[in-house]
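Spelled out from the first residue to the last, the chains are:
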Amino acid sequence: MPKWNVRQRPGRMLGLLLLVILSFLVLRSWLLQDPDMRLRTTYKGFAEAVDLYFDHLMARVVPLQYKHGGPIIAVQVENEYGSYNKDPAYMPYVKKALEDRGIVELLLTSDNKDGLSKGIVDGALATINLQSQNELQFLTTFLLSVQGVQPRMVMECWTGWFDSWGGPHSILDSSVAQLPTLCGVDSTPVLENAENPLGPVAYPRSLIDEDLGASRVCAHGPRAAGDPAQILETVSAIVDSGSSINLYMFHGGTNFGFISGAVHLQDYKSDVTSYDYDAVLTEAGDYTAKYTGLREFFGSISGAPLPAPPDLLPKTAYEPVMPALYLSLWDALPYLEEPVTSEKPLNMENLPINGGNGQSFGYTLYETTITSSGILSACVRDRGQVFVNTVSIGFLDYKRKKIVVPLVQQGFTVLRILVENCGRVNYGTNIDDQRKGLIGNIYLNDSPLKKFKIYSLDMKKSFFQRFHADKWNPLPDVPVFPAFFLGPLLVSVSPCDTFVKLEGWEKGVVFINGQNLGRYWNIGPQETLYLPGAWLDQGLNQVIVFEEKMAGPVVQFTETPYLGRHQYMN
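As the structure is a prediction and not an experimental result, all values here were calculated from the model.

Definitions and limits used
Residues numbered from 1 in each chain as written. Predicted model: local features only at pLDDT ≥ 70, side-chain atom pairs only at ≥ 80, totals over all residues. Heavy atoms only, no water. Helix = DSSP H or I, 4+ residues; strand = E, 2+ residues; numbered from the N terminus. Buried < 20%, exposed > 50% of the residue type's maximum accessible area, 1.4 Å probe, protein only. Contact = heavy atoms within 4.5 Å. Axes fitted to C-alpha atoms, helices over the stretch in contact; angles between N-to-C directions. Parallel < 35°, antiparallel > 145°, perpendicular 65-115°, else oblique. Left-handed = near helix turned anticlockwise from the far one by under 90°. Nonpolar A, V, L, I, M, F, W, Y, C, P; charged D, E, K, R; others polar. Pairing = 2+ DSSP bridges. Core = buried A, V, L, I, M, F, W, Y, C linked by side-chain atoms within 4.5 Å. Expected span 1.5 Å × (residues − 1). Bend = angle between axes of the 7 residues up to and from the residue. Right-handed = clockwise from strand over helix to strand, strands pointing away. Polar contact = N/O pair within 3.5 Å; in protein donor to acceptor, adjacent residues only side chain to side chain. Phe/Tyr/Trp six-rings, centres within 6.5 Å; stacked < 30°, edge-to-face > 60°. pLDDT = per-residue confidence, 0-100. Arc of directions from axis to C-beta. Salt bridge = Lys/Arg side-chain N within 4 Å of Asp/Glu carboxyl O.

**Some thoughts on the overall build of the chain**
In terms of helices and strands, the chain carries nine helices and 33 strands. Here the chain holds 570 residues, and 54% of them are scored as buried. Long-range pairs, those at least 24 residues apart, make up 78% of the contacts in the chain between residues at least 6 apart in sequence.

Written as structure tokens, this is what we have:
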């Protein structure tokens with residue numbers, strides 16, 4: 001293992017670490033058109049895509065390296081590959097691919113405790129990911145044993161965790177006694193294995209399969225940042241050990257549009273739109289107790305006064321928007337692009353659209369005809385609402401793979417399945433199983449159905465441009481779902497950040513001036529969507545809500561985010 005030196009120049013103490021993550025946001029879903037695709041391996045189809053991507057990306061990156069006067073001081077080869085580890089030739093291949101294209105700065109790997117022993121590659125500095133100082137000694141001891149005396153770095157010091165639909169809002173905490181102060185309400189201890197009305201709990205990867213003891217749930221309230229004591233203790237221990245540190249996340253932000261991912265360890269769980277993460281800064285960039293504590297800590301060891309923090313962006317609560325116009329999905333179909341006709345169902349990635357690239361995100365609608373009732377069974381990824389003509393009869397998903405189709409009218413009846421891609425997994429061993437839509441045949445009474453019309457509902461800006469003003473209808477007393485709802489938002493002064501609240505609505509997507517803000521779902525935990533002021537225009541703005549089942553009377557706006565019931569993690 002080579003020795004690494006941290007180089008410093010006057011006035012150039014800080015640099016940029018380039019993290020190369022090969023995810024579905026970079027290497028697009030068209031890779032899955034290949035039925036034999038093996039992601040994150042040296043499989044020919046994947047390696048060719050990586051090479052092509054690197055050819056374009058590294059041509060831009062190489063001139064920005066520190067050696068050439070730029071800010072990039074290090075490049076991370078891959079991210080937590082040790083937890084995947086399907087191909088021993090893969091990491092050396094990626095490392096060489098970077099070097100062959102002119103990367104000369106420090107190369108790194110990054111793994112948690114479960115993958116550290118399998119994620120290292122010769123010639124790259126191994127770094128670690130953790131959440132608790134309890135893991136620090138074990139991990140640093142292991143690094144010393146495999147790479148000798150080298151600079152130590154915690155590449156990801158987890159400041160919180162992400163949330164999944166149907167679970168609680170995860171908060172990093174260290175003290176039961178402080179919970180009422182944080183939440184403003186009483187807190188109730190809840191054992192991890194007890195029956196919990198909140199549903200599944202999202203735990204950090206470092207805690208999975210370990211004995212967590214008691215977890216705690218806090219009742220509804222505004223975003224209460226986790227107690228800074230635990231993260232301060234961890235950061236202090238890392239610094240005292242002589243390690244460098246990177247906070248993940250310092251600012252989490254938002255999974256705008258359809259880009260929120262999913263996790264599939266025991267069960268598939270899709271991520272919420274917010275990536276607030278209980279990070280150092282909130283989703284909207286506001287300061288937290290963690291920020292104040294960490295600022296004081298780093299200020300105490302910096303040797304120089306810190307500059308004043310920037311002012312926060314103002315927030316406002318706009319007047320509620322009352323939808324005035326409406327278009328049911330069934331009435332919208334004639335205005336969409338011509339459907340794909342196919343003898344068998346096609347998953348969205350294999351649809352012959354978008355120049356052969358298929359569909360990446362959104363919904364896909366499958367239509368065929370049936371002549372009898374019976375048991376309908378299908379492999380749906382990820383969630384499919386089933387309709388007989390225009391009447392919803394239920395849902396199919398990972399757990400519900402069969403549904404009863406009631407008696408149909410004499411002759412032909414239209415069977416429709418509206419399938420949502422709820423998010424692709426990008427961690428763990430299930431990443432090769434991320435094709436979305438109907439996977440394989442769909443059966444009625446064990447007989448495969450044939451002759452499908454397939455509509456791509458990617459809901460990009462061009463999708464809504466087909467809905468001209470004369471296509472919309474006045475809002476009826478009893479709307480037919482799924483449907484699009486349109487209303488005006490008036491911004492009379494300079495636009496400010498706000499939070500959209502869909503009280504009374506069930507599940508769908510919000511669009512602002514044609515831009516996809518993100519998903520909402522009344523199962524929680526998230527109940528508000530962050531809307532940056534930069535998305536708004538002074539004057540009239542267009543608000544469109546695509547709702548699957550039940551519409552509320554208005555779309556509300558608030559100055560305060562609400563991310564749901566809190567799950568405090570030890």
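Here the narrative resumes, following the displayed structure.
**Describing the packing of helix H6 (residues 228-240) against helix H7 (residues 289-302)**
Two numbers describe how H6 lies on H7: the axes approach to 9 Å, and their chain directions differ by 30°. One way to sum up the angle between H6 and H7 is to call them roughly parallel. For H6 against H7, the interelement crossing comes out right-handed. Seen from H6, the contacting residues are Pro228, Ile231, Leu232, Val235, Ser236 and Val239; seen from H7, they are Ala289, Lys290, Gly293, Leu294, Phe297, Phe298 and Ile301. Class assignment for the residues of the contact of H6 with H7 results in ten nonpolar, two polar and one charged.

**Considerations on the sheet that holds strand S32 (residues 556-558)**
Remark on secondary structure: sheet strands pair via backbone hydrogen bonds, oriented parallel or antiparallel. Taken in spatial order, the three strands line up as S30-S27-S32 in an open sheet, and their pairing is antiparallel. Unpaired on one side and paired on the other, strand S30 (528-531) and S32 mark the two borders of the sheet. Each strand of the sheet is rotated relative to its neighbour by a mean of 35°, with strand direction disregarded. Relative to S30, strand S27 (residues 498-501) runs antiparallel, the two being bridged by four bridges. By the bridge assignment, Lys501 is partnered in S30 with Thr528.

**Remarks on the nonpolar core**
By size, the foremost hydrophobic cluster in this structure holds 34 residues, and its most contacted members are Phe46, Leu98 and Ile103. Listed by contribution, the elements that provide at least two residues to this core are helix H1 (44-61), strand S2 (72-76) and helix H2 (90-100). The element that contributes the greatest number of residues to this core is H1, accounting for seven residues.

**Focus: H1**
For H1, with 18 residues, the first-to-last C-alpha span of 25 Å sits near the 26 Å given by 1.5 Å per residue. Most pronounced at Asp55, the bend in H1 amounts to some 30°. When H1 is considered as a whole, its buried residues turn out to be Phe46, Ala47, Ala49, Val50, Phe54, Met58 and Val61.

**A short note on the pairing of strand S3 (residues 106-111)**
The two faces of the sheet receive side chains in turn, since in a regular strand these alternate between them. With five of six residues buried, S3 lies mostly within the body of the structure. Two strands pair when backbone bridges link them, and S2 and S3 are joined in this way by three bridges, in the parallel orientation. Note that in S3 the partner of Val75 across the bridge is Leu107. Between the parallel elements S2 and S3, the chain passes through H2 in a crossover that is right-handed. Pairing geometry for S3 and strand S4 (residues 125-130), over four bridges, is parallel. Each residue of the ladder has a partner; that of Leu108, found in S4, is Leu125.

**As for the side chain of Ser274**
Its place among the elements puts Ser274 in the loop between strand S11 (268-270) and H7. Overall, the relative accessible area of 7% leaves Ser274 in the buried class. Separated by 3.0 Å, the side chain of Ser274 and the backbone nitrogen of Asp276 make a polar contact. Residues in contact with Ser274, not counting those within four places in the same chain, are Gly253, Asn255, Glu283, Gln526 and Leu563.

**Concerning the packing of aromatic side chains**
Applying the stated criterion across every chain yields a total of 33 aromatic pairs. Seen in terms of ring centroids, Tyr53 and Phe54 are 5.9 Å apart; in terms of plane orientation they differ by 40°. Their pairing is tilted. Exposure remark for Tyr53: the relative accessible area of 25% places this residue in the partly exposed category. Of the aromatic side chains, those joined through ring pairs into one cluster are Phe258, Tyr363, Phe463, Phe464, Phe467, Trp472, Phe484, Phe511 and Phe546.

**Structural notes on the sheet that holds strand S31 (residues 539-547)**
The sheet built from six strands is open, its strands ordered S25-S12-S26-S31-S28-S29 with antiparallel pairing. Each edge of the sheet is formed by a strand with only one pairing partner; in this case those strands are strand S25 (473-474) and strand S29 (515-521).

**Observations regarding the confidence of the model for the chain**
With 85% of its residues at a pLDDT of 70 or more, the chain shows a mean pLDDT of 86. Every residue in residues 1-15 is under pLDDT 50, and counting partners more than four places away or in other chains gives 25 contacts. Between residues 174-225, whose pLDDT stays under 50, and residues either more than four places distant or in other chains, the model counts 124 contacts.

**Considerations on the packing of H1 against H2**
Interaxial distance between H1 and H2 falls to 10 Å at its minimum, and their mutual angle equals 25°. Our classification of the angle between H1 and H2 gives roughly parallel. Relative to H2, H1 is oriented so that their crossing is right-handed. Contacts from Phe46, Ala47, Val50, Asp51, Phe54 and Met58 of H1 reach H2 at Tyr90, Tyr93, Val94, Ala97 and Leu98. Of the residues belonging to the contact of H1 with H2, the class tally is ten nonpolar, no polar and one charged.

**Remarks on helix H4 (residues 136-147)**
Taking 1.5 Å of rise per residue, the twelve residues of H4 would be expected to cover 16 Å, and the 16 Å separating its terminal C-alpha atoms lies within 8% of that figure. By the burial criterion, the buried members of H4 are Leu136, Leu139, Thr140, Leu143 and Gln147. For H4, the angular spread of buried residues about the axis comes to 95°, placing them on one side. Exposed side chains of H4 directed beyond 90 degrees from the buried face belong to Gln137, Phe138 and Ser145.

**Describing the side chain of Gln359**
If you trace the backbone, Gln359 turns up in the loop between strand S13 (340-342) and strand S14 (363-370). You can call Gln359 buried: its relative accessible area is 1%. In terms of polar contacts, Gln359 uses its side chain to reach the backbone carbonyl oxygen of Tyr363, at 2.8 Å. Among the polar contacts made by the side chain of Gln359, one reaches the side chain of Ser456 at a distance of 2.9 Å.

**Quick look at the pattern of salt bridges**
In a structure, side chains of opposite charge can pair up when their charged atoms sit close to one another. A complete count under the given rule lists 22 salt bridges for this structure. The partner of Lys96 in a salt bridge is Asp100, with the nearest N and O atoms 2.7 Å apart. Of this pair, Lys96 and Asp100 both sit in helix H2, four residues apart, which is roughly one turn of that helix. The salt bridge partner of Lys113 is Asp114, with a shortest N-O separation of 3.3 Å. You can call Asp114 partly exposed: its relative accessible area is 47%. Residues participating in the shared-partner salt-bridge network are Arg383, Glu420, Lys507, Arg519 and Glu548.

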